[in-house]
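Topology and contacts: notes
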Amino acid sequence: MMITEEIQDIRQLLEDCPDDLTKYQTIIEMGDDLDPYPESYKLDELKVSGCQSDLWLYAEHHGDCLHMIATSDAVIVRGLVAIVFQILNDRPRQEIRDFDAALLAQLGIQNIVTPGRQNGIGSLINRIKLLAS
Amino acid sequence: MNCRSDFAILTDSPDGTAYLDSAATSLTPDCVLEKVNRYYRYYNANIHRGIHNWAEKATVEYEAVRPIVGDFIQMGTTTVKDCEIVFSSGTTHSINLVANSFCADWDSDDQVIISEAEHHANIVPWQQLRDRSGVKLQVVFLDEKGQIDLGHLEDLLKRGTRRSLVATSILPNATGILQDWQQIGQLSKMYDATVLFDGAQSVPRIQTDVSVCDFLVFSGHKIYGPTGVGVLYARQGLLDDAPPYMSGGDMIKTVNFAETTFNIMPWRYEAGTQNIAGVIGLGRAIQWVQEQGIDNITAHEAMISDYAQEALKSVDRVSVFFPDSSKLGLIVFAVDNAQSSDVATLLNAQQVAVRSGYLCAEPILRNRLGRGVIRASFGCYTTTEEIDRLITALQKSLQTL
């Protein structure tokens, strides 16, 4: 699927939620499907700063693609990571570098993804782009 | 208390937010908005310098706030003079001013004693002072009830080799437990220590006075006033000749390129164009508090705090910080197996606004709990219905977390 199609899919899923609380419940459930993250990878150099909670991200280059695993002690952050991974994980690195983070606004969860917010995912996206370069 | 109709933000709020974050910033009553608005609308001029009517009016309104503040924090025969009230940008600025000006010549023979429960604003400026001048920085611990351990404080005071400054919060924002500040002040005075009280949380909710301290600091935005304005009360004589923390316009007597003569207290420490609208708004906010009656505010917030603490204790997985001590104005709690930002986010999704994380008081929360917390905090407008909404929303959130 194209990046834009993934975004549309997630947007639809969230739009179908009747209220904000259900929306967050959906996001949290998405986080349940994250691949396991080894305890031994919870290293300071793998921490993504700028989150009110701890977030660790580990990535490997698989050929041209970037493969990532991540976790957080906050379940909402885990859910947001799952959303970002559904859009970007295992994509060609060039595609990740070219990804326009402004597209995330289409998800309709601006209050969570706005850059500069302490619990936002702007810093996660920046780190992923860095790892893809 | 019946003051909610004084707040447009409460009566007109379209999203029905239950605002439980007043310890961070209190809401602003309409009369304060009106007072600030009038300044910009009718006499928006700089103070002290101009001789035109607007400048004169602005100067009179600005200077009139000093006696309003003084009247509010005086006690019995301890009157407060206008020259003892310095306007700052807030509590943080006020503490930095003391650390930089009053303690300018302090060194390793001197000590600063803070408590375990301080806000970063009352920790970091002293650490900076220690790092540049070698001043000893001592931390007094809390007892099991969350009170400053007076025995420990006395030990530290006894061990002082020259000057001591005791800088503690009267009502710490991370515990909500009112300290025995008269005792702390009197004990410190027995050892000739200088006493600075952080009144950021106490001044808005309990009669706080300067009878047993040398410095009292607080912020406008926590006492129903504007942001970016605060007060430093400094007992006469303490800052009169100290080197100014900031220099520039309006804080000088004469300037030539060889040297500058500084102005006297309090203008000596108000460099540059002051937060004129902020100070004028602060004056109105204090008058509004006096109209409500500070004792009524204390009683109301004590009632709300008791109600909230009991209700929170009954929620499964919730542990209240210092559960056996009564609180004033705020309750700090943690939820087992749930991250504080998750809880706060789900509460927000249900229009309940709280604070989460380390509350700018990382040392005590890391040392005693090892994790971030949730804080619900109150103002004189907070209702028991809002606490009920917090509890319902919390229970709903915990089904997910």
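Residues numbered from 1 in each chain as written. Chains lettered and ligands numbered in written order. Predicted model: local features only at pLDDT ≥ 70, side-chain atom pairs only at ≥ 80, totals over all residues. Heavy atoms only, no water.

1. Details of the domain arrangement of chain B
How big an interface is tends to be stated in terms of the accessible area lost upon association of its parts. Residues and elements named next belong to chain B. When the domains of chain B are assigned, the result is domain 1 (4-28 + 293-400) and domain 2 (31-291). Put simply, the middle of domain 1 and the middle of domain 2, counted by C-alpha atoms, are 27 Å apart. Contact with domain 1, which involves 34 residues of that partner, is made by 36 residues of domain 2. It is Thr28, Ile294 and Leu328 in domain 1 that bury the most area against domain 2; as a group they hold 20% of the surface buried on that side. Here domain 1 and domain 2 share two salt bridges between them. With its nearest N and O atoms 2.5 Å apart, the salt bridge here joins Arg205 to Glu301. At the boundary of domain 1 and domain 2, one finds 25 residue pairs in polar contact (both at pLDDT 80 or more). For the side of domain 1 that touches domain 2, the secondary-structure elements that each account for two or more residues are helix 10 (294-313), strand 12 (330-335) and helix 12 (362-368). (Domains from an automatic or database assignment. Contact = heavy atoms within 4.5 Å. Buried area = accessible area lost by both parts, 1.4 Å probe. Salt bridge = Lys/Arg side-chain N within 4 Å of Asp/Glu carboxyl O. Polar contact = N/O pair within 3.5 Å; in protein donor to acceptor, adjacent residues only side chain to side chain. Helix = DSSP H or I, 4+ residues; strand = E, 2+ residues; numbered from the N terminus.)

2. Things to note about the pattern of salt bridges
Residues and elements named next belong to chain B. All chains considered together, the criterion is met by 26 salt bridges over all chains. For the salt bridge of Arg235 with Asp214, the shortest nitrogen-to-oxygen distance reads 3.4 Å. Here Asp214 lies in the loop between strand 6 (194-198) and strand 7 (215-219) and Arg235 lies in the loop between strand 8 (230-234) and strand 9 (252-255), a separation of 21 residues in the sequence. On the basis of relative accessible area, Arg235 is assigned to the partly exposed category, the value being 25%. Since its relative accessible area comes to 6%, Asp214 is described here as buried. Here Glu362 ties to Arg366 by a salt bridge, and the two come within 2.7 Å at their closest N and O atoms. Taken as a pair, Glu362 and Arg366 lie in helix 12 at a separation of four residues, close to a single helical turn. What makes Arg366 partly exposed here is its relative accessible area of 44%. Through salt bridges with shared partners, a single ionic network connects Asp105, Asp107, Asp109, Asp110, Arg162 and Arg163. (Buried < 20%, exposed > 50% of the residue type's maximum accessible area, 1.4 Å probe, protein only.)

3. Some words on the sheet that holds strand 11 (residues 318-320) of chain B
Residues and elements named next belong to chain B. Ordered by their spatial adjacency, four strands build an open sheet running 11-12-15-14, and the pairing between neighbours is antiparallel. The sheet is open, and its two borders are formed by strand 11 and strand 14 (355-357), each paired with just one other strand. Geometrically, the sheet is characterised by an average inter-axis angle of 30° between neighbouring strands, direction not taken into account. Of the strand pairs in this sheet, strand 14 and strand 15 (residues 373-377) are connected by three bridges, and their pairing is antiparallel. Its bridge partner being in strand 15, Ser356 is matched across the sheet by Ile374. Across the sheet, helix 10 touches strand 11 and strand 12, and the angle it forms with strand 12 is around 10°. (Pairing = 2+ DSSP bridges. Axes fitted to C-alpha atoms, helices over the stretch in contact; angles between N-to-C directions.)

4. A short note on the nonpolar core
Counting residues in each nonpolar core, the largest one holds 74 residues, and the members touching the most others are Val69, Ile73, Phe87, Phe197, Leu216, Ile223 and Tyr381 of chain B. Broken down by element, this core gets its largest block of residues, nine residues, from helix 9 (residues 276-292) of chain B. Counting contributing residues per domain, this core is built from domain 1 (4-28 + 293-400) and domain 2 (31-291) of chain B, each supplying no fewer than three. With residues near it in sequence (within four places) discarded, Ile223 of chain B still touches Ser26, Phe72, Val203, Pro204, Phe218, Leu282, Ala285, Ile286 and Val289 of chain B. Among the nonpolar cores identified, the runner-up in size contains 67 residues, and Ile96 of chain A together with Ala308, Ala311 and Val315 of chain B belong to it. (Core = buried A, V, L, I, M, F, W, Y, C linked by side-chain atoms within 4.5 Å.)

5. Here's the deal with the interface of chain A and chain B
Contact residues are listed per partner, giving 13 residues for chain A and 11 residues for chain B. Across the chain A to chain B interface the summed buried area is about 1,100 Å²; carbon plus sulfur atoms make up 61%. In this assembly, chain A and chain B are joined by three residue pairs in polar contact (both at pLDDT 80 or more). Elements supplying a minimum of two residues to the side of chain A that touches chain B: helix 2 (20-32) and helix 3 (75-88) of chain A. Per-element accounting of the side of chain A that touches chain B gives the leading share, five residues, to helix 2 of chain A.

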